[in-house]
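# A closer look at the structure
Chain by chain, the residues run as shown.
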Amino acid sequence: MTKTLYDKLVDAHKVCDLPDGDMLVYVDFHIMNEYTSPQAFSGLDQKGLDVWRPEAHLSVVDHVNATRQRDPHDDASKLLIDNLENNCRKHNIAFYGLGDPRQGIEHVVVPEQGLVAPGMLIACGDSHTTTYGAFGALGFGIGTSEVEHVLATQTLRYKRLKTMLVNVEGALAPGVTAKDIIMKVVQVIGAGGANGYAVEFAGSAIRDQDMSGRMTICNMAVELGARAALIAADEKTLAAIKGRAHSESFDFGGTEWRSDESAVHDQTFDIAAEDIAPLVSWGTSPDQSVPIDGRVPTAGDTATPKAKAALERALAYMGLSAGQSVQDIAIDSAFIGSCTNSRIEDLRAAAAVLKGNKVVSGVTAIVVPGSTYTRLQAENEGIDKIFIDAGFDWRPESGCSMCLAMNDDIAMDGERIASSTNRNFEGRQGRGARTHLMSPAMVAAAAVKGHLADIREFQFEGAE
Amino acid sequence: MPDQVTGLMAAFPQPNVDTDVIMPKRFLITITREGLADGTLADLRFDEDNNKRPEFVLNRSPWTEASILVVGDNFGCGSSREHAVWGLMQLGIKGVIGSGFAGIFYDNARKNGLALPIVSPEVRDELMQVARDPDAGQCIIDITNRRISVGSQRHPFEMDEATRAALLEGRDDTLDTLKLAQSIRAYESNLTQKMRVNVIQ
Ligand code: SF4
């Protein structure tokens, strides 16, 4: 019988079936952060339970820590950070804390440390755990009760998902990036369009992406509701995980982690790579995006009264008028960071745009490298200089920062941000903040122009 | 957990209500599960000066007493934060009726005994209409029989068996799974050394 990659991964991790129709799956590796784990540890304490296999877990501080300086910016965040460290000490769990050269955003740190390999099952109390699908590993986000469950049992109760295949075939036009691919997929399938599904990305445009691009794509698959995202492992995957701190010690099987030729998916979408333009989001849901040379939609573009109401609400929140040209949208600030787009490849792409250019006066621009390791690598390459010369605030510490504004990087009410992040929800970057999602190169271009700008028309030294 | 959830329905039709909206991040700086009621839907319930927004449904009579929400598509999307479920329950919400939910939110709800019956988009729209009627009266979500009753309306709903059983029994998944320790060990005994992750501190 032919099988999808997803089904192979689930079958390989099945411990047993449960009487109520769920199954128990084995978690090879589990990652924790400081804000979704405290109540899981206290759950263990209350029930008098131990951690099943402490060496299979890793904790990373990333969500609440400051990035201007190493020390926590307030007592509340210090409490969360110290709480995680104490819990890890007590249970003998690896902890990458402030000042550790391995610290950073969990989903940037894990591949960097070689802690992912094709065939693994990885869980984490964070929705963007789908990122690991880029390596042919089954990664998915869990809630705090499930964090407790993994700690105590090394397993999860699991229900098999349906599978969706998204084929992106063809060559991308110049200026179009992995971020645009996934934003297009979210636009086509819709936020929530893949609820209940594991999505496998295939096609030449996906295979052509480097591992960083593949991670960007799998990372944002959760914005369409996918509980898991997958890309078949290939030689590129294996090359990318070689020579890292942990990679030599793992082998879950290599490139056999792929769907069988004739495997049947429950749904299939085909998207032509040629049809993808550089996209920006205009609204408050990640599926509300348009090409950079387009216009903010008008009510006439939508069919139902419900859609019209949603559009009007989003326009009001975003302070935009229907039909206005997207490139006329002036920004107050620019942010490059997050597990979607803060890897070295992203920083290089933005630096290429910024070289010899200046952030326009009046715009605040911040860059937070995804991990300490990434930051050091960038500083080695002189990328920090390019950002700083252009007028960006190059942050000396890594973390999620203004992706979710749980530290002291909080946008003001009404502040309009060109952002390389993944969510443009109401209030995501601060109460009343207005987020426009786009690729890191386009964030850089917007910072220079002072308004959303078409990367294809932008003249820069670093252009190929 | 009783086999029924009874209460007044409130209409909350906005699509894509994400967990950042349900529980804004400033309330997440906590190491306990308690004290989240005030933070729940805070930016919709209160204005900048912490005054109640009179237009928001849960601030309007009779829905100040509502314990069931009828919601738009893709409710609970976004972040995995279980605080969203804890907060809704601390606010007195016992059931959320929708045509589909984001996966992590759905699982989190199950773990905490928040009932999420799934109905077709058409039935959801009908119930949304009913919820807007201040005289609609009590709604009953009958978990055992998978049926929603309000006024003269009766609608079946979907709920997978594992979730239904978990709600009815109010069980503790962690302790239950530990009864299967032998199966877990048996699985582990088949792992090669290179399949056993060992994170070096
Ligand atoms: S960078 Fe943003 S999306 Fe990624 S883990 Fe941090 S908060 Fe979540």
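See the structure above.
Now for a quick tour of the structure. (Residues numbered from 1 in each chain as written. Chains lettered and ligands numbered in written order. Predicted model: local features only at pLDDT ≥ 70, side-chain atom pairs only at ≥ 80, totals over all residues. Heavy atoms only, no water.)

Let us look at the nonpolar core. All names here are of chain B. In terms of nonpolar packing, the biggest core is built from 99 residues, with Met-9, Phe-75 and Phe-105 touching the most fellow members. At six residues, strand E1 (residues 4–12) tops the list of elements feeding residues into this core. If sequence neighbours within four positions are ignored, Phe-105 has contacts with Thr-19, Ile-22, Phe-75, Gly-76, Ala-84, Val-85, Leu-88, Leu-114 and Leu-116. (Core = buried A, V, L, I, M, F, W, Y, C linked by side-chain atoms within 4.5 Å. Buried < 20%, exposed > 50% of the residue type's maximum accessible area, 1.4 Å probe, protein only. Helix = DSSP H or I, 4+ residues; strand = E, 2+ residues; numbered from the N terminus. Contact = heavy atoms within 4.5 Å.)

Before going further, it helps to examine the sheet that holds strand E2 (residues 68–71) of chain B. Residues and elements named next belong to chain B. Strand order in this open sheet of six strands is E3-E2-E1-E4-E5-E6, and the pairing throughout is mixed. Two strands in the sheet have a free side with no partner beyond their single neighbour: strand E3 (95–97) and strand E6 (153–156). The average undirected angle you get between the axes of adjacent strands in this sheet is 30°. Examined bridge by bridge, strand E5 (residues 147–150) and E6 share four bridges and lie antiparallel to one another. Considered in E6, the bridge of Val-150 is made with Gln-153. Sitting on the sheet, helix H5 (residues 121–131) touches E1, E2, E3, E5 and E6, and the angle it makes with E1 is about 85°. (Pairing = 2+ DSSP bridges. Axes fitted to C-alpha atoms, helices over the stretch in contact; angles between N-to-C directions.)

Now for the packing of aromatic side chains. Inspection of the entire model under this criterion finds 11 aromatic pairs over all chains. Aromatic pair Phe-250 of chain A and Phe-252 of chain A: ring centres 6.2 Å apart, planes at 70°, arrangement edge-to-face. You can call Phe-252 of chain A buried: its relative accessible area is 6%. Here Phe-75 of chain B and Phe-105 of chain B contribute two aromatic rings whose centre-to-centre distance is 5.5 Å and whose plane-to-plane angle is 75°, an arrangement assigned as edge-to-face. Taken together, the positions of Phe-75 of chain B in the loop between E2 and helix H3 (83–90) and Phe-105 of chain B in helix H4 (residues 103–112) put the pair 30 residues apart, joining distant regions of the chain. (Phe/Tyr/Trp six-rings, centres within 6.5 Å; stacked < 30°, edge-to-face > 60°.)

For the rest of this paragraph, the subject is the interface of chain A and chain B. At the interface, 79 residues of chain A touch 67 residues of chain B. Carbon and sulfur atoms make up 55% of the area that chain A and chain B hide from each other, which totals about 5,900 Å². Three residues, Gln-39, Trp-52 and Arg-431 of chain A, lead the burial of chain A against chain B; their summed loss comes to 12% of the area buried on that side. Our count for the chain A to chain B interface comes out at nine salt bridges. Of the charged contacts, one joins Asp-107 of chain B and Arg-227 of chain A as a salt bridge, the two residues approaching to 2.8 Å between their closest N and O atoms. There are 35 residue pairs in polar contact (both at pLDDT 80 or more) connecting chain A and chain B. (Buried area = accessible area lost by both parts, 1.4 Å probe. Salt bridge = Lys/Arg side-chain N within 4 Å of Asp/Glu carboxyl O. Polar contact = N/O pair within 3.5 Å; in protein donor to acceptor, adjacent residues only side chain to side chain.)

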